[in-house]
Amino acid sequence: MSLSFTLNNTRLKTVSWHVLFWLIYILYEEALVLYARQPPEILGTVYSFIINALVFYNFWRCIRYLTKRIKNIFVMVLAILVAASVIVAITVFVKILGDAIILNVSFKAHATPYRRMALVVRTFYFGGMGAAYGFAKEVIQKEREAAHMVEQQQILEKKALQAELNVIKSQINPHFVFNTLGFLYAETYKKLPEVGQSIITLSNIMRYALTKNEDGFSSLENELAYIKDFIKIHESRSKAFFMTISIETGNISYKVVSLVLITLIENMFKHGIFNQSTKEATLSIAVKDGKLHFYSLNYKNNNSVNKVQSNGIGLNYIRERLTDEYGADGYELLIDETHNSYECKLTMPLKYHESN
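Residues numbered from 1 in each chain as written. Predicted model: local features only at pLDDT ≥ 70, side-chain atom pairs only at ≥ 80, totals over all residues. Heavy atoms only, no water.

K.L.:
I'd like a description of the packing of aromatic side chains, backed by residues and values.
P.N.:
If you walk through the whole model with that rule in mind, you get ten aromatic pairs. Here the aromatic rings of F56 and Y57 are separated by 5.0 Å at their centres, their planes lie at 80 degrees, and the arrangement is edge-to-face. Residue classification places F56 among the buried positions, given a relative accessible area of 7%. On the basis of relative accessible area, Y57 is assigned to the partly exposed category, the value being 26%. With centroids separated by 5.6 Å and ring planes inclined at 10 degrees, the aromatic side chains of F241 and F274 adopt a geometry described as stacked. Of this pair, F241 sits in the loop between α8 (220-236) and β2 (243-248) while F274 sits in the loop between α9 (260-270) and β4 (281-288); the two residues are 33 residues apart in sequence, bridging distant segments of the chain. Each of the two residues, F241 as well as F274, counts as buried. (Phe/Tyr/Trp six-rings, centres within 6.5 Å; stacked < 30°, edge-to-face > 60°. Buried < 20%, exposed > 50% of the residue type's maximum accessible area, 1.4 Å probe, protein only. Helix = DSSP H or I, 4+ residues; strand = E, 2+ residues; numbered from the N terminus.)

K.L.:
Tell me about the sheet that holds strand β3 (residues 254-257), residues and numbers included.
P.N.:
Read from one edge to the other, the open sheet built from three strands follows the order β1-β3-β8, with strand pairing classed as antiparallel. Each edge of the open sheet carries a strand with a single partner, namely β1 (217-219) and β8 (351-352). When β3 meets β8, the two strands line up antiparallel, connected through two bridges. Counted as the bridge partner of Y254 is Y352 from β8. In the packing of α8 onto the sheet, the strands contacted are β1 and β3, and the crossing angle to β1 comes to about 80 degrees. (Pairing = 2+ DSSP bridges. Contact = heavy atoms within 4.5 Å. Axes fitted to C-alpha atoms, helices over the stretch in contact; angles between N-to-C directions.)

K.L.:
Describe in detail the nonpolar core, supporting the description with residues and values.
P.N.:
Ranked by size, the top nonpolar core spans 36 residues in total, and within it L220, M243, I265, F294 and L346 carry the most contacts. Contributions of two or more residues to this core are made by α8, β3, α9, β4, β5 (291-299), α10 (314-326) and β7 (341-349). Looking at which element gives the most residues to this core, the answer is α9, with seven residues. Setting aside residues up to four positions removed in sequence, L346 forms contacts with V260, L261, L264, L292, H293, F294, L322, Y331, E332 and L333. Y25, I51, A53 and V55 belong to the second-largest nonpolar core, a separate cluster that totals eight residues. (Core = buried A, V, L, I, M, F, W, Y, C linked by side-chain atoms within 4.5 Å.)

K.L.:
So what about the side chain of S341? Which residues, and what values?
P.N.:
Mapped onto the elements, S341 comes out in strand β7. Here S341 falls in the buried class, since its relative accessible area comes to 17%. Residues in contact with S341, not counting those within four places in the same chain, are L297, N298, Y299, K300 and D336.

K.L.:
Break down the pattern of salt bridges for me, citing the residues and quoting the values.
P.N.:
Evaluated as defined, the whole model comprises five salt bridges. Across the pair E337 and K300 runs a salt bridge, and its minimum N-O distance is 3.0 Å. Linking E337 in strand β6 (residues 332-337) with K300 in the loop between β5 and α10, this pair joins segments that are 37 residues apart in sequence. The class for E337 is partly exposed, based on a relative accessible area of 46%. In this structure, E325 and K351 form a salt bridge, with 3.6 Å as the shortest nitrogen-oxygen distance. Taken as a pair, E325 in helix α10 and K351 in strand β8 lie far apart in primary sequence, 26 residues in all. A relative accessible area of 36% places K351 in the partly exposed class. (Salt bridge = Lys/Arg side-chain N within 4 Å of Asp/Glu carboxyl O.)

K.L.:
Help me get a handle on the pairing of β3, residues and values and all.
P.N.:
Bridge analysis of β1 against β3 gives three bridges, and the strand direction is antiparallel. Paired with F217 across the two strands is V257, which belongs to β3.

K.L.:
Please give an account of the sheet that holds β7 that cites residues and values.
P.N.:
By definition, the strands of a sheet pair up through backbone hydrogen bonds, in either a parallel or an antiparallel sense. Reading across the sheet, the five strands line up as β2-β4-β5-β7-β6 and stay open at both edges, with mixed pairing between neighbours. For this open sheet the edge positions go to β2 and β6, each flanked by a neighbour on one side alone. The mean inter-strand angle of the sheet, taken between neighbouring strand axes irrespective of direction, is 5 degrees. Most of the contacts of α10 go to β7, to which it runs at about 15 degrees, and overall it touches β6 and β7.

K.L.:
Provide a residue-level description of α8, including the pertinent values.
P.N.:
Between its terminal C-alpha atoms α8 stretches 24 Å, which fits the 24 Å expected from 17 residues at 1.5 Å a residue. When α8 is considered as a whole, its buried residues turn out to be L220, E223, L224, Y226, I227, D229, F230, I231, I233 and H234. (Expected span 1.5 Å × (residues − 1).)

K.L.:
Report on the packing of α9 against α10, specifying residues and quantitative values.
P.N.:
The N-to-C vectors of α9 and α10 enclose an angle of 155 degrees; their axes lie 10 Å apart at closest approach. Compared by their axis directions, α9 and α10 come out roughly antiparallel. By crossing handedness, the relation of α9 to α10 is classed as left-handed. Across the interface between the two elements, V260, T263, L264 and N267 from α9 touch G314, L315, I318 and L322 from α10. (Parallel < 35°, antiparallel > 145°, perpendicular 65-115°, else oblique. Left-handed = near helix turned anticlockwise from the far one by under 90°.)

K.L.:
Hey, could you go over a nonpolar patch on the surface for me, with residue numbers and the actual values?
P.N.:
Taken together, the side chains of F74, V75, L78, V82, V86, I90, F93, V94, L97, I101 and F107 define a hydrophobic patch exposed on the protein surface, amounting to about 1,000 Å² of accessible area. In terms of residues, the nonpolar patch owes the most to one element, helix α3 (residues 73-103), which gives ten residues. Mapped onto the fold, L78 is located in helix α3. (Patch = residues over 30% accessible without salt bridge, like charges linked within 9 Å, V, L, I, M, F, W, Y side chains within 5 Å. Areas by Shrake-Rupley, 256 points an atom, 1.4 Å probe, with all protein chains shown as cover.)

K.L.:
Go over the confidence of the model for the protein with me, naming the residues and quoting the values.
P.N.:
Detailed reading of predicted coordinates is not advised where the pLDDT is low. Confidence in the prediction of the protein, expressed as mean pLDDT, is 78, and 74% of residues score 70 or more. Considering each helix and strand of the protein separately, the mean pLDDT is smallest for helix α6 (residues 174-188), with a value of 59, and largest for β5, with 94. Here residues 308-312 is modelled with pLDDT under 50, and outside its nearest four sequence neighbours on either side it reaches 13 contacts, counting other chains as well. (pLDDT = per-residue confidence, 0-100.)

Okay, here's the thing in structure tokens:
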């Protein structure tokens, strides 16, 4: 009911604007007649403009009908010319006949060559205006439909990304994981404190990864704490660990797109070498002028037995997520991967935390 009312209201507004246009046009031409000191013919003017309006609205419909039905260009052009000639001939005949009846004169006396030529030109004039109006309306409609399709596609892509992230999160039962980790911590902490601490760190990582963020953002502080725990777990698994870490974020609280930074960290550890002092890895995270600057460099070892299991999101998700949030030109992500090294640079805007 509401949709029907909205459509009827929209159509009523459209009709009102068209009626107003024709009234203004009629007044304009009548003003020209009075200026030329010619006697006005109200009935004849109304009759003439009714026909002009019919030509205006149907000329383009006729052209569109023929262009959709006829595929051969030569035949189509010929058909349009024939149809236009028929429309003009009928319009001129009907106008002369109507004027003759209104003025109470003979058809032959009123159908002078000058009068016929003037009506032919006038018919083409209104037909051409109608065609231009119809074409412009169709172009605008197609642009609106295209814009609507793009908008719907963006919405669907955003929902797909969120669904993908939800699937990743739902692959693990949080209660089972946290209860198990809590049990392991209680059993091992007294005898093996370092192992117990690693269990707590792993529990923090899992809890953060499975925490739902409605807007897709996390506080930068929590994200960096997650990264530090992640690196700490990896460091605890290695007898030797060489990695230069520099994190400078200042005192302002920011929000960052969730799981983007940790995915980049994961990519470092997938095939990285961290147990050789001559191939030390580098990680730098800094905040400047409301933007986050991420840089990482590590040397590769494709046969590494210490590969890190990825969360399954990957670089494609990062690009899609950042493009969806900032636009294609709103961030910069550069990957330089060779046979021996993996280098990543990311610059992206940050949001101020709601508490600020």
